[in-house]
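These are the residues of each chain, in order.
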Amino acid sequence: MAVLVTGGAGYIGTHTVVQLIEQGEKVIVLDNLCNSSRDVFSRIEKICGVLPTFIEGDIRNRECLDKIFSASSIDSVIHFAGLKAVGESSQIPLDYYQNNVCGTLILCEAMAAAGVKKLIFSSSATVYGEDAPVPYEENMPRGKTSNPYGASKAMVEQVLTDLCASDPEWSVALLRYFNPIGAHPTGLIGEDPKGIPNNLMPFISQVAVGKRKELSIFGDDYPTEDGTCERDYLHVMDLADGHVSALSSLDENGVHIYNLGTGNGLSVLEMVKTFMRITGVDVPYTFADRREGDLPAFWADASKAEKELGWRATRTLDDMMEDTWRWQSNNPNGYEG
Ligand code: NAD
Ligand code: UD1
């Protein structure tokens, strides 16, 4: 039996594919490459000695999905495919709802038709909304999201919850990621954002490698210890392991919700200073205005995943910095070389 990984050529997908293969799983990747590169597959093969089956296609293409399910014995799906840029989602909301919401509906319809009813969905801490107290716990209600990207994640969570209520044969894990950073320790795969990075860690590493002049730290007057925002950064390899662990939760029907984070908040300034200490490379920065929509501080209560899945984040912040830098310095232009 195989695991179908949608969006498996992307940042979190590639690391998860590696960990699945290392666990002996047979993996089929479906990706339309709208935000990734075909080159990831030879890198994955270098790491684990196995080339995963790759199908270039779109989750919204029902015919393509039907063909995949009828050609292979698939028993579960890990669903990463989607658009993820928060700012862009306010400019082109229809694309986000079309891809993230309609795409998931079409995928679930094809799964139901094929009798495959085990699904892991990439959700986000953003579904807790603007007013939730920290740390975030899974039993808190979803809150008010401030952008179409966040709304699309909350909508899909609701769709999948309703689906499980309507048909007890489904089992779905909603994994709420906090802030994944880092790369595979070989430096062969990592995060390769197109254009100017929106997220903190790729911005820091691109400044360090000389691709960008300086980092703007968005806001220094937040009600936090050093005035900069605090987030729960976790190593992408830990996040990948979380998916392998979550596969086991699918033996039990219904919806299972897990926060995947470390449980610790770190400030932007702490991140920049730790990166410089670990790499020995200077990262010039200035303070800029707050970024619209940013929350001052949030982190996970990650105890449920530990109790029920036996999963917890084990890589250190130093590991995250070292691995980010190995990837970025070995691949200054990402997969393009
Ligand atoms: P990514 O953009 O690197 O990977 C997504 C992959 O999906 C890409 O390879 C892209 O080509 C593919 N894709 C997009 N639309 C598709 C479609 N319609 N059909 C087929 N393939 C399609 O993003 P990522 O960081 O790896 O994130 C993976 C998932 O996790 C996304 O759903 C994202 O919203 C979610 N998530 C990410 C983060 C984060 O910080 N990276 C945090 C929370 C949640
Ligand atoms: C962002 C998304 C969130 C998504 C999460 C994980 C926004 C508003 N939110 O969260 O929905 O779930 O990514 O992918 O985009 N920062 C700087 N300078 C920079 C970049 C970032 O100071 O150049 C700061 C930000 O203000 C923030 C912190 O670094 O305080 C982390 O930013 P980022 O990596 O974008 O993640 P989030 O904002 O937590």
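Worth saying up front: this structure is predicted, and the values here are computed from it rather than measured.

Colleague: Would you explain unusual backbone geometry in this entry?
Modeller: Most peptide bonds take the trans configuration, and most residues that are not glycine carry a negative phi. Cis geometry is adopted by the peptide bond preceding Pro135, which originates at Val134 and carries an omega value of -5°. Mapped onto the secondary structure, Pro135 falls in the loop between strand E5 (118–124) and helix H6 (148–166).

Colleague: Would you mind showing me how to read the pairing of strand E2 (residues 26–31) here?
Modeller: Along a regular strand, successive side chains alternate from one face of the sheet to the other. Of all the six residues making up E2, five are buried; the element is thus mostly covered by neighbouring parts of the structure. Once you follow strand E1 (residues 2–6) into helix H1 (residues 11–22) and on to E2, the crossover reads as right-handed. Across four bridges, the pairing between E2 and strand E3 (residues 53–56) is parallel. Paired with Asp31 across the bridge in E3 is Glu56. A crossover links E2 with its parallel partner E3, the connecting element being helix H2 (residues 40–48), and its sense is right-handed.

Colleague: Quick question: what am I supposed to make of the packing of helix H7 (residues 200–208) against helix H11 (residues 317–330) here?
Modeller: Packing of H7 against H11 brings their axes to within 10 Å, and their N-to-C directions diverge by 55°. Here H11 runs oblique to H7, going by the angle between their axes. Considering the relative orientation of H7 and H11, their crossing is right-handed. Counted together, Met201, Pro202, Ser205, Gln206 and Ala208 of H7 and Met321, Thr324, Trp325 and Gln328 of H11 form the full contact between these two elements. For the contact of H7 with H11, the residue count by class is five nonpolar, four polar and no charged.

Colleague: Even after reading the chapter, I still don't get the site of ligand 2, so can you show me in this structure?
Modeller: Leu200, Ser216, Arg231, Arg291 and Asp294 are the nearest of the 19 residues found near ligand 2. Measuring from an oxygen atom of ligand 2, one finds a side-chain N or O atom of Arg231 at 2.5 Å. Contact distances for ligand 2 include 2.6 Å between an oxygen atom and a side-chain N or O atom of Asp294. For ligand 2, the protein covers 87% of the area, taking 740 Å² as the surface of the free molecule. A total of four residues in the shell around ligand 2 trace back to one element, the largest contributor, which is strand E8 (residues 215–218). Within the shell around ligand 2, the residues separate by chemical class into ten nonpolar, six polar and three charged.

Rules used throughout
- Residues numbered from 1 in each chain as written.
- Chains lettered and ligands numbered in written order.
- Predicted model: local features only at pLDDT ≥ 70, side-chain atom pairs only at ≥ 80, totals over all residues.
- Heavy atoms only, no water.
- Helix = DSSP H or I, 4+ residues; strand = E, 2+ residues; numbered from the N terminus.
- Buried < 20%, exposed > 50% of the residue type's maximum accessible area, 1.4 Å probe, protein only.
- Right-handed = clockwise from strand over helix to strand, strands pointing away.
- Pairing = 2+ DSSP bridges.
- Axes fitted to C-alpha atoms, helices over the stretch in contact; angles between N-to-C directions.
- Parallel < 35°, antiparallel > 145°, perpendicular 65-115°, else oblique.
- Left-handed = near helix turned anticlockwise from the far one by under 90°.
- Contact = heavy atoms within 4.5 Å.
- Nonpolar A, V, L, I, M, F, W, Y, C, P; charged D, E, K, R; others polar.
- Near = heavy atom within 4 Å.
- Polar contact = N/O pair within 3.5 Å; in protein donor to acceptor, adjacent residues only side chain to side chain.
- Areas by Shrake-Rupley, 256 points an atom, 1.4 Å probe, with all protein chains shown as cover.

Functional significance is not addressed by these values, which are geometric in nature.
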